[in-house]
Amino acid sequence: MKVLILSPGHPDLVAGEGPSVAWSLFEGLRARAGVQAVLLASVDRSLPALFKPGAHITAFDARPDEYVFLSHDVDPWWHRNGEPLLVEAYAEFLTLIQPDVVHAHHFATFGLELLTLTRRVLPHCRIVFTLHDFLAICAADGRMIRTMDGSPCDRASPVRCHQCFPSIPPEQFFLRAAHMRAHLSAVDVFTLPAVAMCGAYLRWGLPAEKLVHVANGQQPPAGAGAPPAKRKLRNRFGFFGQLVDAKGVWLLLRAVELLRADGFSAFSLEINGDNLRYASDTRREEVERFIAAEEARPRGDRIVSFNGSYHRALIAEPMARVDWCVVPSVRWENSPVFIPEAFLFGRPVIAADVGGQAELVAHERDGLLFRFADARSLADTLRRAATEPGLWDRLAAGIAPPVTREAMVEGYLALYGAK
Amino acid sequence: MSDAEPAAPPDFDETMYLQLNPDVAEAVAAGGLVSGRAHYLRYGAREGRRYLPTPGEVREPGVIAVITTRADGSRAPPPPAYWVEAVRMSPGGGVFVTGWIDDATDKLAEAWLSGEDWEVELMTTAFARTRRRDVEQTLGATGAHPYGFWSFVDLGRAMRRHAACRLVLTQASGAGVTLEIGVRSLADSDLRDAVLAWLIECDWSVSAHIGAVAGLTDGAGAQIVAHNRRITAGIVAQPQVERFGPAQGRPKASIIVCLYGRPDYLFLQNALFAGGAGMQDYEFIYVCNSPEFADRLARDMRIGSLVHGIRQTLVLLPANAGFGAANNVGARYANSDRIVACNPDVFPYHADWARRHTEAVETLPAERTALFGVPLYYETGALMHGGMFFQIDTVHLSRPGGLFTQDLVRVQHYGKGAPPDTAAFLRPRPVAAVTGAFISCRRDWFERLGGFSEDYVFGHYEDADLCLRSLGAGMAPWLHDIRLYHLEGAGSTRGRAQEGALLVNRWLFASRWAASIRAGLHGIEPTHALLAEPETAPARAARRKRR
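As the structure is a computational prediction, the values presented were derived from the model and not from experiment. (Residues numbered from 1 in each chain as written. Chains lettered and ligands numbered in written order. Predicted model: local features only at pLDDT ≥ 70, side-chain atom pairs only at ≥ 80, totals over all residues. Heavy atoms only, no water.)

*Asks:* Would you mind going over the overall build of chain B with me for this structure?
*Replies:* Across its full length, chain B carries 17 helices and 24 strands. Over its C-alpha trace chain B gives a radius of gyration of 27 Å, about what one expects of a compact globule, namely 24 Å for 547 residues. In terms of overall dimensions, chain B has C-alpha extents of about 85 × 65 × 40 Å along its principal axes. Carbon and sulfur atoms provide 51% of the accessible area of chain B, an area that totals close to 22,500 Å². Averaging the positions of the 56 positive and the 60 negative side-chain charges in chain B gives two centres separated by 7 Å. (Helix = DSSP H or I, 4+ residues; strand = E, 2+ residues; numbered from the N terminus. Rg over C-alpha atoms; globule rule 2.2 N^0.38 Å. Areas by Shrake-Rupley, 256 points an atom, 1.4 Å probe, with all protein chains shown as cover. Lys, Arg positive; Asp, Glu negative; His and termini not counted. Charge placed at Lys NZ, Arg CZ, Asp CG, Glu CD.)

*Asks:* Just checking my understanding: could you explain the overall build of chain A for this structure?
*Replies:* Each helix and strand counted, chain A has 14 helices and 14 strands in total. Expected size for 419 residues packed as a compact globule is a radius of gyration near 22 Å; at 22 Å, chain A falls within 12% of this value. Expressed as lengths along the three principal axes of its C-alpha atoms, the size of chain A is roughly 65 × 50 × 45 Å. Relative to its full complement of 419 residues, chain A shows a buried share of 55%. Contacts in chain A between residues far apart in sequence, at least 24 positions, make up 71% of those at least 6 positions apart. Summed over all atoms, the accessible surface of chain A reaches about 16,900 Å², with 54% contributed by carbon and sulfur. In chain A, the 45 positive side-chain charges and the 47 negative ones have mean positions that sit 3 Å from each other. (Buried < 20%, exposed > 50% of the residue type's maximum accessible area, 1.4 Å probe, protein only. Contact = heavy atoms within 4.5 Å.)

*Asks:* Help me understand the sheet that holds strand 14 (residues 338-342) of chain B, please; the structure alone is not making it clear to me.
*Replies:* Sheets are built from strands that pair by backbone hydrogen bonding, the pairs being arranged parallel or antiparallel. All names here are of chain B. Taking strand neighbours across the sheet as the criterion, the nine strands line up as 10-13-12-11-14-22-16-23-21 in an open arrangement whose pairing is mixed. On the outer flanks of this sheet lie strand 10 (240-244) and strand 21 (429-430), each paired with one strand and no other. Both strand 14 and strand 22 (residues 438-442) contribute to a ladder of five bridges, which runs antiparallel. From the neighbouring strand, A341 faces strand 22, where its bridge partner is I439. (Pairing = 2+ DSSP bridges.)

*Asks:* Sorry if this is basic, but what is going on with the interface of chain B and chain A here?
*Replies:* How large an interface is tends to be reported as the accessible area lost when its parts come together. Across the contact, 23 residues belong to chain B and 24 residues belong to chain A. Of the roughly 2,100 Å² buried between chain B and chain A, counting both surfaces, carbon and sulfur atoms make up 69%. Sorting the residues of chain B by area buried against chain A places I303, L306 and V307 of chain B first, and these three jointly supply 26% of that buried surface. If you look at where chain B meets chain A, you find four salt bridges. In this structure, the connection of chain B to chain A is made through nine residue pairs in polar contact (both at pLDDT 80 or more). Going through the elements one at a time, helix 8 (264-274) and helix 9 (294-308) of chain B are the ones with two or more residues in the side of chain B that touches chain A. Per-element tally for the side of chain B that touches chain A: the top contributor is helix 9 of chain B, with nine residues. In terms of residue class, the side of chain B that touches chain A is made up of 13 nonpolar, three polar and seven charged. (Buried area = accessible area lost by both parts, 1.4 Å probe. Salt bridge = Lys/Arg side-chain N within 4 Å of Asp/Glu carboxyl O. Polar contact = N/O pair within 3.5 Å; in protein donor to acceptor, adjacent residues only side chain to side chain. Nonpolar A, V, L, I, M, F, W, Y, C, P; charged D, E, K, R; others polar.)

*Asks:* What is the right way to look at the pairing of strand 14 of chain B in this model?
*Replies:* A regular strand places its side chains on the two faces of the sheet in alternate fashion. Residues and elements named next belong to chain B. For strand 14, the tally of buried residues reaches five of five residues, placing the bulk of the element in the interior. The side-chain alternation of strand 14 yields two buried faces, one formed by R338, V340 and C342 and the other by I339 and A341. Where strand 11 (residues 253-259) and strand 14 come together, four bridges link them in parallel fashion. What sits directly across from I256, in strand 14, is A341.

*Asks:* Help me understand the domain arrangement of chain B in this model?
*Replies:* Residues and elements named next belong to chain B. For chain B, the domain assignment lists domain 1 (14-234) and domain 2 (240-531). Just the C-alpha atoms count here: the centres of domain 1 and domain 2 sit 37 Å apart. At the junction of the two partners, domain 1 supplies 28 residues and domain 2 supplies 25 residues. A combined buried area of about 2,300 Å² lies between domain 1 and domain 2, and 72% of that area is made up of carbon and sulfur atoms. Our count for the domain 1 to domain 2 interface comes out at two salt bridges. The salt bridge involving R229 is made with D455; its shortest N-O contact spans 2.6 Å. Between the two partners, domain 1 and domain 2, sit three residue pairs in polar contact (both at pLDDT 80 or more). Counting residues per element, the ones that place at least two in the side of domain 1 that touches domain 2 are helix 6 (188-201) and helix 7 (208-236). Sort the elements by how many residues they give to the side of domain 1 that touches domain 2 and helix 7 lands first, with 17 residues. Of the residues belonging to the side of domain 1 that touches domain 2, the class tally is 16 nonpolar, seven polar and five charged. (Domains from an automatic or database assignment.)

*Asks:* What am I meant to see in helix 14 (residues 405-417) of chain A here?
*Replies:* All names here are of chain A. In a regular helix each residue adds 1.5 Å, so 13 residues correspond to 18 Å; helix 14 covers 18 Å between its end C-alpha atoms and thus fits that length. If you check which residues of helix 14 are buried, you get R405, M408, V409, Y412, L413, L415 and Y416. Taken down its axis, helix 14 places every buried residue within 160 degrees of arc, on the same side. (Expected span 1.5 Å × (residues − 1). Arc of directions from axis to C-beta.)

*Asks:* Explanation requested: the side chain of R347 of chain A in the structure shown.
*Replies:* Residues and elements named next belong to chain A. Along the chain, R347 turns up in the loop between helix 10 (338-344) and strand 13 (349-352). Notably, R347 is buried but unbridged: the nearest opposite-charge side chain belongs to D323, and the N-O separation is 5.7 Å. Separated by 2.7 Å, the side chain of R347 and the backbone oxygen of F345 make a polar contact. Discounting residues that sit within four places of it in the chain, R347 has contacts with P228, M319, A320, V322, D323, W324, C325, A342 and I399.

*Asks:* Please explain the sheet that holds strand 4 (residues 66-70) of chain A as it appears in this structure.
*Replies:* Residue and element names in this part refer to chain A. Overall, mixed pairing links the eight strands, which are arranged 3-4-2-1-5-6-7-8 in an open sheet. Only two strands of the sheet have a single partner each, and these edge strands are strand 3 (57-59) and strand 8 (211-213). With direction set aside, neighbouring strand axes in the sheet form an average angle of 25 degrees. Both strand 1 (residues 2-7) and strand 2 (residues 36-43) contribute to a ladder of six bridges, which runs parallel. In the strand pairing of strand 2, V3 is matched with A37. Each of strand 1, strand 2, strand 4 and strand 5 (101-104) is contacted by helix 1 (residues 17-30), which is oriented at about 165 degrees to strand 1, the strand it contacts most. Together, strand 4, strand 5 and strand 6 (126-130) form the strand contacts of helix 3 (residues 113-121), whose direction differs from that of strand 6 by roughly 160 degrees. (Axes fitted to C-alpha atoms, helices over the stretch in contact; angles between N-to-C directions.)

Shown next as structure tokens:
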């Protein structure tokens, strides 16, 4: 069986759940006898040196079965590819590779029409699509947060979406959804990494018989599984992720300010991650102001330290310096790969009480949930975590082993062969 | 969704802009600005600066003669108060004049406009009056008399560019004046657009629909239509045609889509139509009235045909030829015996729309499918169209010379906004007309009717016009329940010229069809013999039983 995996990025080049899971699956499939896996990862113009003149799909870094799709002209509203040469190159690539299964992990960097084209070029191949987020449903970058008041959104409709984007008339959202569904109709099976996502996609109109839950699984990073060092106080918090708006580092910093204003400062917070440049101006300035103010404090008064980016392979070291991992995302996460990773290191997780984060974290069993997008609720949760005797030990003991990569691969193989 | 490069309006006038904006003129003269146009694009438009005089502004035309004696040798009274704001001309022979004259007590009798080797009497060709509140104020007059005048004539011949022309205004008393007026030169289409925009901007004292229609009836309407026909003929004579996708076999229908203003609908229709059962037997013909999108559309069609495997033709026109002419051009490139005129914002309601359409065409009696439409729905789920009917409004306008009376026709949709399954609007039946958003027509019948009329400017009413001609030729339009969505109004953009064109088209349609509509096609239940619904089987059985 030959499986072509379309990844929204190569994990060596870009961070993110889609690339990470696609890569994990690619590696897992390669380890299986009788399966040939081919990876086609999109790259964008941020890596211009990879764009060979006249080429549209090329091999990646002299690695067998790894290719890059030199993506451009993909419309961010309609998610369509406007470059005929790129579309034609993909059709030719399919013809050359002749996969039995095409497993797409996103459409945003490829263009939706490549799904329909796949069906046309390879009428008998099985097309599997993993919905890593809600971008198909939600035009607000898939956040499923209403732009007018920040409240969580549970369903899209032309009028509701128009309320989020008043300059865009309702019929444009009708068309966006119809266009999206038209191309997604080429897909045989949709997989969802979180059960919590199913309701939204069912309401949106995907057929129930095509929706399957397959949990994300990863190979443990180096150092995982070692028991955390014993400490009397469990008051060290860690954030691991991108510093973009949706990941909520700004909310976490607001919670720190609230606690400081309350007179509580007996805790530390380490921020691991970068890409603040992709945050909105407002949020970026807010975070930068916090950093400047923090650095202006005497060393002994500082609570937060900013460590910059981290690499997954080297995560054991920063993980060793924290007791809790905080996932303050201000969007419905689907199945953030970081939460199982924290569990692999035995760290209870503090996350918002919505979406995939609430599905992965069991409140009072292996972590704590705070009220979504509520800095006060987060602050109170941090304070409780840092001060309540025995809480950390009880929650750490409640952590169950996360889904393994092999379990995920098994799940997908069952779908590939179950035509 | 990309922003177009800013462009000056078609009737932007550098000289007038500098006259109206002395500070800009000073800056240009001092070398601080390249030109008035550059200033307008960068600042003036945003600041709301004017580039044309408002009707009230007095600009000096050159008076070169004043009539002092009449033809009989008697002494003429002094000339009245008057002004001419602009004479605009185009290479194709369009002439547009606006001005005013105090002829409240001494009627204007003649207005001769002449150039190097031509002259035209405006009042007997096309001459309309408008209200001029500024003149009323200057003269201390009431609003009873329309001091303003405007004229548009199509001389029907190519014109050399003129620096100036001569206007001779003569009143009933013999008073008059001869003016030398500078000519502003505009492209034919820009001049047409300026006239159309003028129809919207005029102070008609009454509703624009009534005032403009009265003015158009006095000759300008026919002149605008003739001028536009000439422009259209030039546009459709130069199509660029590209074919994409598989070309084997003869399609069962040719879907012709006229694109204007928004290119997105090509790939959207490709995606939403192509997957449905039966579509493999159809072809798309897109006719582009927006040449600025030519390259984009060619790329999209290349992708669309590859992705969906559909047969498509792209007909690129060098300018906007309007709905009727564009569809007629598209029909020339059709490879099937059925023409389906379809708006770009029309999409399938059921995925197997094409199969249903083919089945209707192949199984229903021929007279029911010669020309037919379908129910159309809003994206909200409500019905927006279940056939069309006509209503007549008779309008009256008091003006010098008597009461002007005209029938205007409203084209109404059955079932607009009704619940989606309202059987009364969905049942197959003959109707007075169907919307041009979707018309399926046997090709030979379409050609026998001469296709869509190209007299309407840009678009509107061609659909009803075609249906009425079909009725006149003995074949009623039908409605069959093959539903589609129509995102009405979202398919193209509309500016002031388009708004003005609506007035022209409404006048043209009314003057052409009002009398016929009064005779059996008026109202929600027209009595025309061809619109009698065939007896249903239960009704027939009931009748026999009664016997």
